[in-house]
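A closer look at the structure
As a plain string of letters, each chain reads:
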Amino acid sequence: MSEFEERYRAARRKVIETDLRRLNPMQRKAAMTTEGPLLLLAGAGSGKTTVLIQRIYTLLTYGRGSDTDFTPDWATADDLEFLERFPEQPDDAEFARARELCAIDPPRPWEIIAITFTNKAAGELKERLAARLGPVANDVWASTFHSACVRILRRYIERIGFERTFTIYDTDDSQRVLKDIVKELNLDAKSFSPRSVHSEIGWAKDLFIGPKEYAK
Ligand SMILES: Nc1ncnc2c1ncn2[C@@H]1O[C@H](COP(=O)(O)OP(=O)(O)OP(=O)(O)O)[C@@H](O)[C@H]1O
Ligand SMILES: [Mg+2]
């Protein structure tokens, strides 16, 4: 790396750190880690969701800027000088230029997915994203695992031979169907209880064993 590149990279990190100055050092480190997987393990109420929100903000604003050695070839000595000076006296009016100079391949909002288990947690995520990002937050995929998956399926399921208008069966629905099938096949309802057939199918699905292979 040339001296210019080295300085540009360091100045860029400093600017992004300045933008995230309200986080504590570990939170900031996490929010600035954009490449590869990241596990954040911390106690209740210690600021995990805050990191998630700030990390999405960092991604949208700076792309890989906080976590890459890459220096854009359009960067000038003037830009570098501006970035090195900026954190000393961060001026809101100049933040737009600083952000522009620090952004590397920022993703589009709909290229980000933030998923969680419960509707309550998903609701909190959406609300806090909206508070942090404004209207752009609507385009981020923030939801439960289930609703994210169903959205993907509604859009693309025709590609694997199903209709978009599919309905989702819950456990009760599934077991009712299994009961009918066991009856139709004249199997012993006691040895083939809906519950045990259901869990057997679940087991096969976990192991990626399809119907044909299972039949063997
Ligand atoms: N670095 C910080 N400085 C000051 N306040 C903070 C900081 N980080 C988080 N907070 C505040 O602490 C509170 C809890 O944060 P947050 O909701 O992110 O925690 P959490 O770990 O996700 O909590 P939970 O375990 O309940 O999901 C919030 O009010 C948040 O604004
Ligand atoms: Mg939380």
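Our structure's up above, just so we're on the same page.
Read on for an overview of the structure. (Residues numbered from 1 in each chain as written. Chains lettered and ligands numbered in written order. Predicted model: local features only at pLDDT ≥ 70, side-chain atom pairs only at ≥ 80, totals over all residues. Heavy atoms only, no water.)

1. Here we look at the site of ligand 1
- In the vicinity of ligand 1 lie 13 residues, with Gln27, Lys48, Thr49, Thr50 and Arg128 positioned nearest.
- Here a nitrogen atom of ligand 1 sits 2.7 Å away from a polar atom, N or O, in the side chain of glutamine 27.
- One of the side-chain N or O atoms of threonine 50 is found 2.5 Å from an oxygen atom in ligand 1.
- Of all the elements, helix α3 (residues 48-62) adds the most residues to the shell around ligand 1, at three residues.
- Its residues assigned to classes, the shell around ligand 1 comprises two nonpolar, eight polar and three charged. (Near = heavy atom within 4 Å. Polar contact = N/O pair within 3.5 Å; in protein donor to acceptor, adjacent residues only side chain to side chain. Helix = DSSP H or I, 4+ residues; strand = E, 2+ residues; numbered from the N terminus. Nonpolar A, V, L, I, M, F, W, Y, C, P; charged D, E, K, R; others polar.)

2. Here we look at helix α4 (residues 77-85)
- For α4, every residue scored as buried is listed here: Asp79, Leu80, Phe82 and Leu83. Each buried residue of α4 lies within a common arc of 160 degrees when the element is viewed along its axis, so the set occupies one face.
- Here the buried face of α4 lies against α1 (3-19) and α5 (92-102). (Buried < 20%, exposed > 50% of the residue type's maximum accessible area, 1.4 Å probe, protein only. Arc of directions from axis to C-beta. Contact = heavy atoms within 4.5 Å.)

3. Topic: the nonpolar core
- The biggest cluster of nonpolar side chains holds 30 residues, and the ones touching the most others in it are Leu20, Ile56, Leu83, Ala98, Leu129 and Leu133.
- Every element with two or more residues in this core is listed here: α1, α3, α4, α5 and α6 (119-133).
- If you tally residues by element for this core, the top one is α3, at five residues.
- For this core, the two domains that each supply at least three residues are domain 1 (3-107) and domain 2 (110-168). (Core = buried A, V, L, I, M, F, W, Y, C linked by side-chain atoms within 4.5 Å. Domains from an automatic or database assignment.)

4. Let's talk about the side chain of serine 143
- Relative to the assigned elements, serine 143 resides in strand β2 (residues 141-144).
- Residues contacting serine 143, with those up to four places away along its chain left out, are Ala114, Ile115, Thr116, Ala122 and Ala148.

5. Quick word on the side chain of arginine 12
- With respect to the element layout, arginine 12 can be found in helix α1.
- Despite being buried, arginine 12 has no salt bridge partner; aspartate 69 is the closest side chain of opposite charge, sitting 6.3 Å away.
- A polar contact of 2.8 Å, which involves the side chain of arginine 12, links it to the backbone oxygen of phenylalanine 70.
- Beyond its immediate sequence surroundings of up to four residues, arginine 12 is in contact with Gly65, Thr68, Asp69, Phe70, Thr71, Pro72, Cys102 and Ile104. (Lys, Arg positive; Asp, Glu negative; His and termini not counted. Salt bridge = Lys/Arg side-chain N within 4 Å of Asp/Glu carboxyl O.)

6. Here's the deal with the pattern of salt bridges
- By the definition in use, this model includes ten salt bridges.
- Notably, a salt bridge pairs glutamate 158 with arginine 164, separated by 3.2 Å at the nearest N-O pair.
- Judged by relative accessible area, glutamate 158 falls into the partly exposed class, the value being 47%.
- Among the residues examined, arginine 164 registers a relative accessible area of 41% and is labelled partly exposed.
- Among the ionic contacts, a cluster of salt bridges with common partners joins Glu3, Arg7 and Glu84.

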